[in-house]
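Next come the chains, spelled out residue by residue.
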Amino acid sequence: MMTSKSTKPFTVIIEGNIGSGKTTFLQHFEKYKDVCVLSEPVEMWRDCAGHNLLANLYENPVKWSFTFQSYVQLTMLQHHLVATTKPIKLLERSIFSARYCFIEKLLRDEILLAPSVSVLNEWFKYLITKFNISVDLIVYLRTSPEVVYERVLARNRKEEKSLSLQYLKDLHDMHEKWLFYKTAFSCPAHVLTLNADLDKSTIEKEYQKCQDHLLTITG
Ligand SMILES: Cc1cc2cn([C@H]3C[C@H](O)[C@@H](CO)O3)c(=O)nc2[nH]1
């Protein structure tokens, strides 16, 4: 008789600043058949019923941050809930970095005001308890703001042309407080920090640390 293995997959969230190399990291692991990879749903944010919410965000952050972060929270929840029979599930970012890094930064910069953040936070608290969103490992691609700034300029994503070094420094601080110094919000799982300033030619050995960790899980 076939016994369906209904165990949840070992779930890893990949966190890091804009330009920290998350996509490159995911591409490295995409080749393994045991890994279900869910990239950040940027295309959904660019086309929500025909609206480019990502473009709106950068054109007028005060007007569109609530709309954008509200949709991000929905799309990240959908990723957390994707079922897979594969033993490992890798998510690019999460409902946690949405709340603890991006929304927190918008609050600190007074782009989102307290009443708006309260509504997003009530949704966040409800969703993470109602849906029992479990995470087993956080991979933190730790970078220097100056390094990611150069990468963002080189990548030249059309919506990000207004991105400043200061924005990346502030977002870096939010990640550092959450995942490295752990002086802000709680971490939903163990954090494995990788040096993601390394360029593509040498970062493979950093990935090895994560690969070894994952192989001990799946055996
Ligand atoms: C969870 C989460 C991801 C995320 C990305 N972004 C922006 C940063 C980048 O310019 C783009 C793709 O990551 O979307 C955001 O403003 N808020 C976010 N929240």
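Everything quoted here is computed from the prediction, not taken from an experiment.

Engineer: Talk me through the confidence of the model for the protein; I want residue IDs and the actual numbers.
Structural biologist: Close reading of the predicted structure is inappropriate where its pLDDT is low. The predicted model of the protein averages 93 in pLDDT, with 96% of residues at 70 or higher. Interface confidence in the predicted complex, given as ipTM, is 0.97; pTM for the same model is 0.94.

Engineer: Just give me the short version of the packing of aromatic side chains, but keep the residues and values in it.
Structural biologist: Any aromatic ring pair is given by two values, namely how distant the centres are and how the planes are angled relative to each other. Within this structure, the stated rule accounts for 11 aromatic pairs. Both rings, one in Phe25 and one in Phe29, keep their centres 4.7 Å apart while their planes meet at 40°; by these two values the pair is tilted. Highlighted residues: Phe25 and Phe29, both in helix α1 (residues 22-30), separated by 4 residues, approximately one helical turn. Between Phe96 and Phe124, the aromatic rings sit 6.0 Å apart at their centres with planes inclined by 90°, giving edge-to-face as the arrangement. With Phe96 in helix α5 (residues 95-108) and Phe124 in helix α6 (residues 114-130), this residue pair connects regions lying 28 residues apart in the sequence. For the pair formed by Phe96 and Phe124, the shared burial category is buried. Among the aromatic residues, those joined into a cluster by ring pairs are Phe96, Tyr100, Phe124, Trp178 and Phe185. Lying over the aromatic face of Tyr167, Lys105 brings its terminal NZ or CZ to 4.1 Å of the ring centre. Just above the ring of Phe180 sits the side chain of Arg142; from NZ or CZ to the centre is 3.5 Å.

Engineer: Quick rundown of the sheet that holds strand β5 (residues 190-195)? Include the residues and the values.
Structural biologist: One open sheet holds the 5 strands; their spatial order is β2-β3-β1-β4-β5, and the pairing between them is parallel. Every interior strand has two partners, whereas the edge strands, β2 (35-38) and β5, have only one. Sheet twist, expressed as the mean angle between neighbouring strand axes with direction ignored, is 20°. In terms of strand pairing, strand β1 (residues 10-16) meets strand β4 (residues 137-142) through 5 bridges, oriented parallel. From the neighbouring strand, Val12 faces β4, where its bridge partner is Leu137.

Engineer: Could you give an account of the pattern of salt bridges, naming the residues involved and the relevant values?
Structural biologist: In the structure shown here, the tally under the stated rule is 14 salt bridges. Glu40 is paired through a salt bridge with Arg93; the nearest N and O atoms lie 2.6 Å apart. Taken together, the residues span a long stretch of sequence, with Glu40 in the loop between β2 and α2 (42-46) and Arg93 in the loop between β3 (88-92) and α5 at a distance of 53 residues. Glu206 serves as the salt-bridge partner of Lys209, at 2.9 Å between the closest nitrogen and oxygen. In this pair, Lys209 and Glu206 are both assigned in helix α9 (residues 204-218), 3 residues apart and thus about one turn of the helix distant. On the basis of relative accessible area, Lys209 is assigned to the partly exposed category, the value being 42%. Glu206 sits in the buried class, given a relative accessible area of 6%. Through salt bridges with shared partners, one network takes in Glu43, Arg46, Lys158 and Glu159.

Engineer: Requested: an account of the site of the ligand, with residues and values cited.
Structural biologist: Close to the ligand lie 16 residues, the nearest being Glu40, Tyr58, Gln69, Phe102 and Glu160. For the ligand, an oxygen atom lies 2.6 Å from a polar atom in the side chain of Tyr58. In the model, a nitrogen atom of the ligand is placed 3.1 Å from a nitrogen or oxygen of the Gln69 side chain. Relative to its unbound accessible area of 420 Å², the ligand is 99% covered by the protein chains. At the level of elements, α2, α3 (53-59), α4 (61-80) and α5 are the ones that each hand at least two residues to the shell around the ligand. Here the shell around the ligand is composed, by residue class, of 10 nonpolar, 2 polar and 4 charged.

Criteria and thresholds
- Residues numbered from 1 in each chain as written.
- Predicted model: local features only at pLDDT ≥ 70, side-chain atom pairs only at ≥ 80, totals over all residues.
- Heavy atoms only, no water.
- pLDDT = per-residue confidence, 0-100.
- Phe/Tyr/Trp six-rings, centres within 6.5 Å; stacked < 30°, edge-to-face > 60°.
- Helix = DSSP H or I, 4+ residues; strand = E, 2+ residues; numbered from the N terminus.
- Buried < 20%, exposed > 50% of the residue type's maximum accessible area, 1.4 Å probe, protein only.
- Lys NZ or Arg CZ within 6 Å of the ring centre and 35° of its normal.
- Pairing = 2+ DSSP bridges.
- Axes fitted to C-alpha atoms, helices over the stretch in contact; angles between N-to-C directions.
- Salt bridge = Lys/Arg side-chain N within 4 Å of Asp/Glu carboxyl O.
- Near = heavy atom within 4 Å.
- Polar contact = N/O pair within 3.5 Å; in protein donor to acceptor, adjacent residues only side chain to side chain.
- Areas by Shrake-Rupley, 256 points an atom, 1.4 Å probe, with all protein chains shown as cover.
- Nonpolar A, V, L, I, M, F, W, Y, C, P; charged D, E, K, R; others polar.

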